[in-house]
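Chain by chain, the residues:
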Amino acid sequence: MAVVKGEVPTDTMPTEAVTLISDRKGRLLTLSPAAASWLYLPKETAGQMSIADALVLRLPDTHEELQDLASRAGSTLHRGESLWHGHLRVTRLGLGRLEWSVSPALGTQRARAALQLSDRWQVAVNLPVPLALFDLTGHIRAINAAAEALLDQEVTPGTPVLDVLEGLGRPMVDWLREVHEGRALSYVEFLNDVQGDKVFQVRLSEAHGMIPDGVLAILDDVTELKLLEEQFLQSQKMQAVGQLAGGIAHDFNNLLTAISGHCDLLLLRHDRHDASYADLMQIHHNANRAAALVRQLLAFSRKQSLTVESIAADQTISEVGFLLRTLLGERAQLLLSNDSDLSHIRVDRRQLEQALVNLVVNARDALPNGGQITIATRNLTLATPLLRDRARVPTGDYVEITVADNGTGIPAAILDKIFEPFFTTKRVGEGTGLGLSMVYGFVKQSGGYVFVDSGPETRPEGGSCFTLIFPAEAPSDTIPTTPAQPAAGFMPLPASTGQNVLIAEDEAPVRAFASRALRLAGMNVLEADSAEGALKLLEDPLVQVDLIISDVIMPGLNGPAWVQQALQDRPGTRVILISGYAEESFDDHRAMIPNCTFLPKPFSLAALVEAVNKKLAA
């Protein structure tokens, strides 16, 4: 029969021990009856052949390997010591003789592996420490009960390590040989089990005679530790992304201020009948759309002022619809359905937009094969309290916003956990686990309620539906969502002409627009491209300044810092700070500047002149 290297033929394995005796040079001296039968050798063969000649026909080892084994055993072993190689146990007897044993129990893989292990492993096998022996071919030669319990599976000796653990990122054999060859006395790697739900720290070291040509592996379950580490790294990554988004948004706000501002200046010279008017309005409209996208970036980076205001939810949803469709791409279809004459609600517009983004992104991820997402609004009047999900919604008028999809839905087992911070079913890097908790917190802070329907009982059509309920404003309390803007071609006049304004702005396009706008309004304007330049202008006592307009973030001294210096010699001067960042990001500095207001970028021509008029009239 053909003998495959690494396997022992078991079809004719005797029930008695296969034992041979040789001298220390490997010359066969005697053999047991079982050995003579199994090796097809007459007993008279003893003394006429080498141990390598006797065994090579029935074992997978080569003649050279067996000769080398005899040489090593004869020269290194002391009396009573044993050497394990492949399927053989070689023991040094008295008078320099060697006993060669092949177990009759080789028919099972576990017994086959046990033959190759020393008595040291037999001691270690009962230790409560998870241990395993790996050979240099990447197979598990032995494993103790503690390691099997840690892996939560029974491992048969001879099993490839990659069938149990994975995630090394390089060839397993290379890793094992590095340790075996002494290039690393203790080498730690993190591996996942093949199911991917556990992470193990595996430390390799020399086997210390437990196994020839192998290493000892000590296993430790570090799943919780790695989870905490990944959450920390994820939070660090999100912080870095937020800082990047904030920086990009700040630069875009400067660009948009210049674009929309100069567009406003052009609109002053063109009426509705002009051929260029429609083109200018397109520029103006798209600049506003870009500003809405920038607000999303700033809200994400938490560098945008958040204020409660009266809004029409349907209008906000329509405005954010462009961003939502961009997020969905071609993967899903977005439908909007709004109730007519929808009541206003008092919430933070940007937080509402962010909540819609979070819900739509989750709905998109629940549509692996595409589908439909519907955002609907309606007026809701409760004549009796609504009791649901341990919440009680009092009677009254409300505005209901629903975000529904026809996707895979949410498993019932996790439905009560989805609003918990850091709870996510997504893989690392695909989600923070904060999206729905942010939605929940925003709705609660706004005095509202949030519910979710998923599963065949509540959603027979499939998918999930999130319902946001906000108290409706009384009609008499409703105010416009944005201040009324003057018609193109008309600009509010200043409270008084001839006022002196100093503008400190490092962005030349923004500075040019603001200067032209205020000069057209009849004001005298001084310009500085830095804080240091502005302070130099104010060193002249003949220079009169009624109002200072300064960017917050500039090279060198920032806006609040240089303004504080200027006010030491010019107390009472009015101040307007402008920035693409949030107002609260420099609240501490602003508190030390009396009579100071804030104008966020991007601002229009009308908004700039109106802010200046109010400040000068104060």
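Here the structure is a predicted model, which is why all the values come from computation and not from measurement.

### Describing the overall build of the protein
Move 1: Summing up its helical and strand segments, the protein has 17 helices and 26 strands in all.
Move 2: Here the protein holds 618 residues, and the buried ones make up 46% of them.
Move 3: In the protein, the proportion of contacts linking residues at least 24 apart, taken out of those at least 6 apart, comes to 62%.
Move 4: Carbon and sulfur atoms make up 54% of the accessible area of the protein, which amounts to about 30900 Å² in all.

### Details of helix α17 (residues 605-617)
Move 1: In a regular helix each residue adds 1.5 Å, so 13 residues correspond to 18 Å; α17 covers 18 Å between its end C-alpha atoms and thus fits that length.
Move 2: L605, A606, L608, V609, V612, N613, K615 and L616 are the residues of α17 that are buried.

### Examining the packing of helix α10 (residues 313-328) against helix α11 (residues 349-365)
Move 1: Contact pair α10 / α11: the axes reach a minimum separation of 10 Å and the direction vectors enclose 35°. As for the relative orientation of α10 and α11, their crossing is right-handed in sense. Here T316, I317, E319, V320, L323, L324, L327 and L328 of α10 lie close against α11, whose contacting residues are R349, L352, E353, L356, V357, V360, V361 and R364.
Move 2: Each residue belonging to the contact of α10 with α11 can be placed in one class, and the counts come to 11 nonpolar, 1 polar and 4 charged.

### Some details on the pattern of salt bridges
Move 1: Applying the stated criterion to the full structure yields 14 salt bridges.
Move 2: In this structure, the salt-bridge partner of R364 is D365, at a minimum N-O distance of 3.2 Å.
Move 3: What makes R364 buried here is its relative accessible area of 18%.
Move 4: In this structure D365 comes out as partly exposed when scored by relative accessible area, which is 28%.
Move 5: Its salt-bridge partner being D551, residue K601 comes within 3.5 Å of it at the nearest N-O pair. On the criterion of sequence distance, the pair formed by K601 in the loop between β26 (596-600) and α17 and D551 in strand β24 (residues 547-551) is long-range, its members being 50 residues apart.
Move 6: One connected set of salt bridges, linked through shared partners, spans E309, E319 and R349.

### Quick word on the pairing of strand β12 (residues 214-221)
Move 1: Bridge analysis of strand β6 (residues 131-135) against β12 gives 5 bridges, and the strand direction is antiparallel. Bridge assignment links D135 to a residue of β12, and that residue is G214.
Move 2: Where strand β11 (residues 199-206) meets β12, 7 bridges bridge the pair, whose relative direction is antiparallel. Each residue of the ladder has a partner; that of R203, found in β12, is I218.

### A few points about the pairing of strand β1 (residues 18-22)
Move 1: Burial analysis of β1 places 5 of its 5 residues in the buried class, which makes it a mostly covered element.
Move 2: Here β1 shows two buried faces, one formed by V18, L20 and S22 and the other by T19 and I21.
Move 3: Pairing of β1 with strand β5 (residues 98-102) involves 5 bridges; the strand directions are antiparallel. What sits directly across from T19, in β5, is S101.
Move 4: Judged from the 3 bridges that link them, β1 and strand β2 (residues 28-31) form a sheet pairing that is antiparallel. Within β2, the residue paired with S22 across the bridge is L28.
Move 5: In this structure, the hairpin formed by β1 and β2 is closed by a connection of 5 residues, where G26 is found at a positive phi of approximately 95°.

### Topic: the sheet that holds β5
The strands that make up a sheet pair up through hydrogen bonds in the backbone, lying either parallel or antiparallel.
Move 1: Reading across the sheet, the 5 strands line up as β2-β1-β5-β4-β3 and stay open at both edges, with antiparallel pairing between neighbours. In this open sheet, the two strands that pair with only one neighbour each are β2 and β3 (82-85). When the angles between neighbouring strand axes are averaged without regard to direction, this sheet yields 20°.
Move 2: Both strand β4 (residues 88-92) and β5 contribute to a ladder of 4 bridges, which runs antiparallel. From the neighbouring strand, R92 faces β5, where its bridge partner is L98.

### Quick notes on the nonpolar core
Move 1: Core analysis: the biggest nonpolar cluster contains 38 residues, and L352, I373, I375, I401 and F470 have the highest contact counts within it.
Move 2: Ranked by residue count, the leading element in this core is α11, at 8 residues.
Move 3: The contacts of F470, once residues within four sequence positions are left out, are I345, V347, L352, Y398, V399, I401, F442, V443, S446 and G448.
Move 4: Residues L31, A36, A52 and L66 belong to the second largest nonpolar core, which totals 26 residues.

### Remarks on the sheet that holds strand β23 (residues 524-528)
Move 1: Ordered by their spatial adjacency, 5 strands build an open sheet running β23-β22-β24-β25-β26, and the pairing between neighbours is parallel. Edge strands, defined here as strands with exactly one partner in the open sheet, are β23 and β26. Averaged over all adjacent pairs, the angle separating strand axes in this sheet is 20°, with direction ignored.
Move 2: Here strand β22 (residues 500-504) runs beside β23; their pairing, made up of 5 bridges, is parallel.

### Considering a nonpolar patch on the surface
Move 1: Among the surface-exposed residues, I248, F252, L255, I259 and I283 lie close enough to one another that they form a single nonpolar patch of about 440 Å² accessible area.
Move 2: At 4 residues, the largest contribution of residues to the nonpolar patch is made by helix α8 (residues 223-267).
Move 3: Positionally, I248 belongs in helix α8.
Move 4: Among the residues examined, I248 registers a relative accessible area of 36% and is labelled partly exposed.

### A look at the packing of helix α13 (residues 508-520) against α17
Move 1: Remark: α13 packs on α17, axes separated minimally by 10 Å, with the N-to-C direction vectors making an angle of 60°. In the crossing of α13 with α17, the sense of the turn from one axis to the other is right-handed. For the pair formed by α13 and α17, the contact residues are F513, A514, A517 and L518 on the first element and L605, L608, V609 and V612 on the second.

Thresholds applied
- Residues numbered from 1 in each chain as written.
- Predicted model: local features only at pLDDT ≥ 70, side-chain atom pairs only at ≥ 80, totals over all residues.
- Heavy atoms only, no water.
- Helix = DSSP H or I, 4+ residues; strand = E, 2+ residues; numbered from the N terminus.
- Buried < 20%, exposed > 50% of the residue type's maximum accessible area, 1.4 Å probe, protein only.
- Contact = heavy atoms within 4.5 Å.
- Areas by Shrake-Rupley, 256 points an atom, 1.4 Å probe, with all protein chains shown as cover.
- Expected span 1.5 Å × (residues − 1).
- Axes fitted to C-alpha atoms, helices over the stretch in contact; angles between N-to-C directions.
- Left-handed = near helix turned anticlockwise from the far one by under 90°.
- Nonpolar A, V, L, I, M, F, W, Y, C, P; charged D, E, K, R; others polar.
- Salt bridge = Lys/Arg side-chain N within 4 Å of Asp/Glu carboxyl O.
- Pairing = 2+ DSSP bridges.
- Core = buried A, V, L, I, M, F, W, Y, C linked by side-chain atoms within 4.5 Å.
- Patch = residues over 30% accessible without salt bridge, like charges linked within 9 Å, V, L, I, M, F, W, Y side chains within 5 Å.

Function cannot be read off these values alone, since they describe shape.
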